[in-house]
Amino acid sequence: MQSPKKVIAIAAEFPLFWVNPAYTRRGWYYAVWLVSLYEAFARMPEYEVHWIVFQRKAWRRSVFTAGGQTFHVLPTIQGNVAQALHYRLDGYTMARELDRIRPDIVHAWGTETRYAVTVAAYRGAVKKMLSMQGILTAYLARGPMAPYYSRQVRFEVPSMAAYDMVTAESPWGCNRCREMLPQGRIEQWEYAANPRFFAVERGLSEQPTCLLAGTSIPMKNVETAIAAFRSPELAGVTLLLAGTPAGQFADLPPNVKPLGGVDRAEMERLLASCWCLLHPSLADTSPNIVKEARVVGVPAVVSTECGGTQYVEEGKSGFIVEPRDVQGIIRGVSHLTRDAETALAMGAWGREACRRALSEETMVRCLRELYAEL
């Protein structure tokens, strides 16, 4: 007799435009790993998967299916107002939907918004798992954040304490979670790099380039990177700032080029041609760009305060520096861009191990194990 499927409810900011043309893309979307998870669930027939997504422009609850999975779209209110109300209205809406679904496991994503808080408040008999995205408490201790996120910190640890298991993507992230919740069950679970980056072939640009990709918020520490590229030692290397709009930083040196927003196809081209990656964040749980760079075979200079250092072997596939160590950045980038042979050889070092760790197969296998434990 076939065993019944386990029912999994995923509470997360899924990009609905990806699976339903009725929804439009609004601005830049950050949680690209959720799409990889959606695609992975299509190959996991032992689960009945329900996605719960809050939408401000939804006037009423709606349900649709895509990829053999069910999407529950719930109306909500503006984030600052919901936060001021301690997410009580959203908590009531979430509880009603979970009562309808009756899942075996509720898997919430991220403490930055309403999902972790509203699932934590649910009192039904169900196992709860929380996957961290940013770790706000650690971030605020290391640099400034926008007011909404600074206020959101007060919900983070109480929410985490309500879960049977908390996952983070990196050793750095797990260590920060253990500092916040010493008695909690903290597990490392890595999200896969998008499969399209595994097919990118390296072809270096004629002149040395270094890529820094992501947002340009203060936590990303773009200013330190710019300071490093003012050095005469890096005058022959161009720093490409993907995600940084022109005009945000004044008096840029001529070898620093803001690119503004970059789509996936352009990011593939940049990773194929750049000589190295620079990621000097003050705090970052596990930046996607470091994963993508390493599966492509790009060597990297990364900061000690971010996940991703596990994919960089000091002096062999890159360098690990303190976030504001300008001289360390200069030395690392100078070494990786001294000639094409060095850039290619160091990028290839450990790449296959990174590709195995960041494959969808590894992500799926580890998720199955975590769900089975719950």
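The structure under discussion appears in the preceding block.
Thresholds, definitions, all that
- Residues numbered from 1 in each chain as written.
- Predicted model: local features only at pLDDT ≥ 70, side-chain atom pairs only at ≥ 80, totals over all residues.
- Heavy atoms only, no water.
- Helix = DSSP H or I, 4+ residues; strand = E, 2+ residues; numbered from the N terminus.
- Rg over C-alpha atoms; globule rule 2.2 N^0.38 Å.
- Buried < 20%, exposed > 50% of the residue type's maximum accessible area, 1.4 Å probe, protein only.
- Contact = heavy atoms within 4.5 Å.
- Areas by Shrake-Rupley, 256 points an atom, 1.4 Å probe, with all protein chains shown as cover.
- Phe/Tyr/Trp six-rings, centres within 6.5 Å; stacked < 30°, edge-to-face > 60°.
- Lys NZ or Arg CZ within 6 Å of the ring centre and 35° of its normal.
- Axes fitted to C-alpha atoms, helices over the stretch in contact; angles between N-to-C directions.
- Parallel < 35°, antiparallel > 145°, perpendicular 65-115°, else oblique.
- Nonpolar A, V, L, I, M, F, W, Y, C, P; charged D, E, K, R; others polar.

Chemist: Please explain the overall build of the protein as it appears in this structure.
Modeler: A tally of regular secondary structure across the protein gives 14 helices and 14 strands. For the protein, whose C-alpha radius of gyration is 21 Å, the value lies close to the compact-globule estimate of 21 Å for 374 residues. Buried positions account for 57% of the 374 residues belonging to the protein. For the protein, the proportion of contacts with a sequence separation of at least 24, taken over those separated by at least 6, is 64%. Looking at the protein as shown, the accessible area adds up to about 16,200 Å², and 54% of this sits on carbon and sulfur atoms.

Chemist: What should I look at first to understand the packing of aromatic side chains in this one?
Modeler: To describe a pair of aromatic rings, one takes the distance between the centres and the angle between the planes. Per the counting criterion, the structure on display carries 18 aromatic pairs. Three or more aromatic residues joined by ring pairs make a cluster, and in this case those are Phe14, Tyr23, Tyr38, Phe41, Tyr47, Trp51, Phe64, Phe71 and Tyr371. Lying across the ring of Phe54, Arg114 places its NZ or CZ 6.0 Å from the centre. Directly above the aromatic system of Trp172 lies the positively charged group of Arg176, at a separation of 5.3 Å from the ring centroid.

Chemist: Just to check I follow, could you spell out the packing of helix α1 (residues 33-41) against helix α14 (residues 360-373) for this structure?
Modeler: Any two packed helices are characterised by how steeply their axes cross, that is the angle between the axes, and by the distance between the axes. Contact geometry of α1 with α14 gives a least axis separation of 11 Å together with a crossing angle of 75°. Taken as axis vectors, α1 and α14 run roughly perpendicular relative to one another. Along its contact with α1, which presents Ser36, Leu37, Glu39, Ala40 and Phe41, the element α14 presents Glu360, Met363, Val364, Leu367 and Tyr371. For the contact of α1 with α14, a count of residues per class yields seven nonpolar, one polar and two charged.

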